[in-house]
Amino acid sequence: PGPNLEAIEDLLEGVRSVASEFGVFIEVENVKPCLVDEEVASVLAKYLKGSPVHVGVETGDPVHADQIGRPCGPDDSLRAIKLLKDAGLRPYAYFIHSLPGQTERVVKRTIEAMKRAFDLGAEKITVYRFSPLPGTAFERHKVVVSRGSREIVDMAISLNRSRKEELVGREVMAVVGPYVGRGIYAYPVMGGPVIKLKVRGRPKVGRMVRVRIVRVLSDKLVEGVLIRASS
């Protein structure tokens, strides 16, 4: 069946009222790419503009996607990423390495799909290592992290670091997290990379702060300076 737009609007209307009342941030975890069309993207943007929306791509090879039972192929996923980005949302793209049936061709096409997702505006490329689950078709699959798997991971690291460079100079609202060793970290309210705070003193845990991103430390971590703390 196609997407039930009326039910989606009813759900998001309720979610928005709760978010407004309690001051919480909402993001969408795992949309089904082949159900994302312009209407769906428009409805999501109406209620959640500026929010991350996670899209599963998993493999860049359409034949491989069919072999592992994906209901949506990589073209569906990339199209969804573009539609969501154009609507004012922030798509994140999921991939999996070491899947059953991963060949050199699959690796090549997956890396191409990762680059394409990046070019279409995916804010983050997330790569998971395949883990066989008991009771599933692939429960007996022996996971081998091949050179191709490492190439997929390396490409994700490179793309994510490049995306983080675009944040340098921007200001974001973040929440100060629990202290870890000597580091003081904050988490962006609207989602994004963890921020290592370059600050004197120890701001109160849970405090809302405005931070300017000044440097990229890794594909997952940036450094920021405190501009202002909330009262």
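See the structure shown above.
Every value quoted in this text rests on a predicted model; they were computed, and no experiment measured them.

(A) Region of interest: unusual backbone geometry. In this model, N30 sits at a positive phi of 65°, which is unusual for a non-glycine residue. Note on placement: N30 falls in strand 1 (residues 28–31). One non-glycine residue, E58, lies in positive phi territory at about 70°. Counting through the fold element by element, E58 comes out in strand 2 (residues 52–58).

(B) Structural view of helix 1 (residues 5–22). In this model, helix 1 (18 residues) spans 25 Å end to end at C-alpha, consistent with the 26 Å of a helix rising 1.5 Å per residue. Looking one or two residues past helix 1, G23 carries a phi angle of roughly 70°, positive in sign.

(C) Local environment of the side chain of T59. Position of T59 among the secondary structure elements: in the loop between strand 2 and helix 3 (62–67). Note on T59: relative accessible area 1%, which makes it buried. Separated by 3.3 Å, the side chain of T59 and the backbone nitrogen of D61 make a polar contact. Aside from chain neighbours lying at most four places away, what touches T59 is H64, A65, I68, P74, L99, V106 and T110.

(D) Structural view of the state of the cysteines. Across all of its chains, the model carries one disulfide by this definition. Across the disulfide, C34 is cross-linked to C72 (sulfur-sulfur distance 2.3 Å). Every disulfide takes its handedness from the sign of the S-S torsion; for C34 and C72 that torsion is -45°, giving left-handed. Taken as a pair, C34 in the loop between strand 1 and helix 2 (38–48) and C72 in the loop between helix 3 and helix 4 (74–86) lie far apart in primary sequence, 38 residues in all.

(E) Broad picture of the pairing of strand 7 (residues 194–198). On strand 7, burial follows the alternation: I195 and L197 on one face are buried, whereas V194, K196 and K198 on the facing-out side are not. Here strand 6 (residues 185–188) pairs with strand 7 via two bridges, running antiparallel. Looking across to strand 7, one finds that A186 is bridged to I195. Hairpin connection of strand 6 to strand 7: five residues between the antiparallel strands, including G191 at a positive phi of 85°.

(F) Main features of helix 2. All buried positions along helix 2 are accounted for by V40, A41, V43, L44, A45, Y47 and L48. Buried residues along helix 2 sit in contact with helix 1, strand 1 and helix 4. With its phi angle positive at about 85°, G50 sits one or two positions after the end of helix 2.

(G) Geometry of the side chain of E223. Among the secondary structure elements, E223 is positioned in strand 9 (residues 221–229). E223 gets classed as buried once you look at its relative accessible area, which sits at 11%. For E223, the residues in contact, after removing those within four places along its chain, are I195, K196, K198, R212, I213, V214, R215 and L217.

(H) A look at the pattern of salt bridges. One pass over the structure, following the stated rule, counts 13 salt bridges. The salt bridge partner of R90 is E123, with a shortest N-O separation of 2.7 Å. Here R90, found in strand 3 (residues 90–97), pairs with E123, found in the loop between helix 5 (104–119) and strand 4 (124–129); they are 33 residues apart in sequence, far enough to count as distant. On the basis of relative accessible area, E123 is assigned to the partly exposed category, the value being 22%. Here E223 ties to R215 by a salt bridge, and the two come within 3.2 Å at their closest N and O atoms. Under the relative-accessibility criterion, R215 is labelled partly exposed at 44%. Through salt bridges that share partners, D61, R105 and R109 make up one connected network.

How each quantity is defined
Residues numbered from 1 in each chain as written. Predicted model: local features only at pLDDT ≥ 70, side-chain atom pairs only at ≥ 80, totals over all residues. Heavy atoms only, no water. Helix = DSSP H or I, 4+ residues; strand = E, 2+ residues; numbered from the N terminus. Expected span 1.5 Å × (residues − 1). Buried < 20%, exposed > 50% of the residue type's maximum accessible area, 1.4 Å probe, protein only. Polar contact = N/O pair within 3.5 Å; in protein donor to acceptor, adjacent residues only side chain to side chain. Contact = heavy atoms within 4.5 Å. Disulfide = S-S within 2.5 Å. Pairing = 2+ DSSP bridges. Salt bridge = Lys/Arg side-chain N within 4 Å of Asp/Glu carboxyl O.

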